[in-house]
Amino acid sequence: AVVSTQSTGEEEEEERAVRTKVQLKMKELNEHFLCGICDGYLVDCTTVTECLHSFCKSCIVRHLQSRQTCPTCKLLIHNTSPLQHILLDKGLQRLLDTIYPAVAEREALVRAEFEQETTADNSSSPSPESDGPPDDENTWFHRSDVKISISLEPSQKDVAMLESVPMKYIRCSMRLKVSHLEKYIRDKTSLKDELEITCNKTPLDGQLTLENIWLDTWKVKEAPMRLYYSKKT
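Since the structure is predicted, the reported quantities are computational estimates derived from the model, not experimental observations. (Residues numbered from 1 in each chain as written. Predicted model: local features only at pLDDT ≥ 70, side-chain atom pairs only at ≥ 80, totals over all residues. Heavy atoms only, no water.)

Let's shift gears to helix α4 (residues 90-99). Within the sequence span of α4, burial applies to Leu92, Gln93 and Leu96. Down the axis of α4, the buried set is contained in an arc of 100 degrees. They therefore lie on one face. The exposed residues of α4 that point more than 90 degrees off its buried face are Lys90, Arg94 and Thr98. (Buried < 20%, exposed > 50% of the residue type's maximum accessible area, 1.4 Å probe, protein only. Helix = DSSP H or I, 4+ residues; strand = E, 2+ residues; numbered from the N terminus. Arc of directions from axis to C-beta.)

Right, dumping it as structure tokens:
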């Protein structure tokens, strides 16, 4: 009976301990939810897989387009493809949204207003950049992908002989492959021959992504990235 009473008392004490609320000052939590690049609260929280530092998605992607190191610890993420070593951190983003609901509500409002303005602008005046490849999530890209602006036109030596695509300026996912662009050219023109696409006069393999080309071949690092196509000889 004595053992039973002691056991019950211990269980009650443990239960009270579990129910005890942990109180933390907001300023102690802030540093864990701020982007190390813009110093604002994390938006679309994205974490570097090599060192686990987190940033806004747009901030870290913009940073890695010209650098290969973590902004916080300066660790080399990857020599050629740093964008392949970052991941959306949905768990940390959900935690931030739970602790700071006002921040999440404000961000949702800003996005809604931006989408309304963009829709109004697109209906009144078409953008010079067009989503050339079909907007098919399964075939071409996911809407949450990082986008890149490219120009796609006949090679300068064959410009008089090759048909141009309807829109040479295209905004599409960085995960798009060269083979997708070849298919797009054939679909939008009368060209049915095997094609070769180049960047900086370098022939591109069909399995390369636009991200690979941007980091490895496109040396100017300015948009749009210029790609040229010709009949393969």
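Looking now at the sheet that holds strand β1 (residues 46-48). Across the sheet, three strands lie side by side as β2-β1-β3; this open sheet has antiparallel pairing. Of all the strands in the sheet, the pair left with one neighbour each is β2 (54-55) and β3 (86-88). Strand direction decides the pairing type here: β1 and β3, joined by three bridges, are antiparallel. Bridging from a neighbouring strand, threonine 47 pairs with leucine 87 of β3. (Pairing = 2+ DSSP bridges.)

In this section: the side chain of glutamate 153. Here glutamate 153 is to be found in strand β4 (residues 147-154). Given the relative accessible area of 18%, glutamate 153 is considered buried. Setting aside its immediate chain neighbours within four residues, glutamate 153 contacts Lys168, Arg226, Leu227, Tyr228 and Tyr229. (Contact = heavy atoms within 4.5 Å.)

The five strands lie next to each other as β5-β4-β8-β6-β7, forming an open sheet whose pairing is mixed. Only two strands of the sheet have a single partner each, and these edge strands are β5 (169-173) and β7 (202-203). Inspection of the sheet shows β4 paired to β5 by five bridges, in the antiparallel sense. Within β5, the position partnered with serine 149 by the bridge is arginine 171. In the packing of helix α6 (residues 178-188) onto the sheet, the strands contacted are β4, β5, β6 (195-199) and β8 (225-231), and the crossing angle to β6 comes to about 125 degrees. (Axes fitted to C-alpha atoms, helices over the stretch in contact; angles between N-to-C directions.)

For the rest of this paragraph, the subject is the packing of aromatic side chains. If you walk through the whole model with that rule in mind, you get two aromatic pairs. Relative to tyrosine 100, the ring of tyrosine 41 lies with its centre 5.0 Å away and its plane at 40 degrees, an arrangement referred to as tilted. One end of the pair, tyrosine 41, is in the loop between α2 (26-30) and β1; the other, tyrosine 100, is in the loop between α4 and α5 (101-124), and 59 residues separate them in sequence. The exposure class of tyrosine 100 is buried, given its relative accessible area of 7%. Among the aromatic side chains, those forming a connected cluster through ring pairs are Phe33, Tyr41 and Tyr100. (Phe/Tyr/Trp six-rings, centres within 6.5 Å; stacked < 30°, edge-to-face > 60°.)

Glancing now at the environment of serine 155. Looking at the element boundaries, serine 155 is found in the loop between β4 and β5. Look at serine 155 and you get buried, because its relative accessible area is 10%. In this structure, serine 155 is in contact with Tyr228, Tyr229 and Ser230, ignoring residues within four places of it in sequence.

Counting buried residues along β6, four of its five residues qualify, which places the element largely inside the surrounding structure. Inspection of the sheet shows β6 paired to β8 by four bridges, in the antiparallel sense. Residue pairing for β8: threonine 198 is matched across the bridge by tyrosine 228. Relative to β7, β6 is paired through two bridges, and the arrangement is antiparallel. Residue pairing across strands places threonine 198 opposite proline 203, the latter belonging to β7. Taken together, β6 and the strand that follows it, β7, pair antiparallel across an intervening segment of two residues, in which asparagine 200 is found at a positive phi of about 55 degrees.

Below, the discussion takes up the environment of lysine 168. As for its placement among the helices and strands, lysine 168 is situated in the loop between β4 and β5. Separated by 14 residues in the primary sequence, lysine 168 and proline 154 have C-alpha atoms spaced 9.5 Å apart. Dropping the residues within four chain positions of it, lysine 168 is found in contact with Ile150, Ser151, Leu152 and Glu153.

Attention now goes to the confidence of the model for the protein. Here the protein shows a mean pLDDT of 79. Residues at 70 or above account for 76%. In the model of the protein, helix α1 (residues 2-19) stands out as the element of lowest mean pLDDT, 60, in contrast to β2, which has the highest, 94. Across residues 125-131 the pLDDT falls below 50, and counting only partners more than four positions away or on other chains, this stretch makes 10 contacts in the model. Below pLDDT 50 for its whole length, residues 134-141 participates in 13 contacts with residues either more than four positions away or in separate chains. (pLDDT = per-residue confidence, 0-100.)

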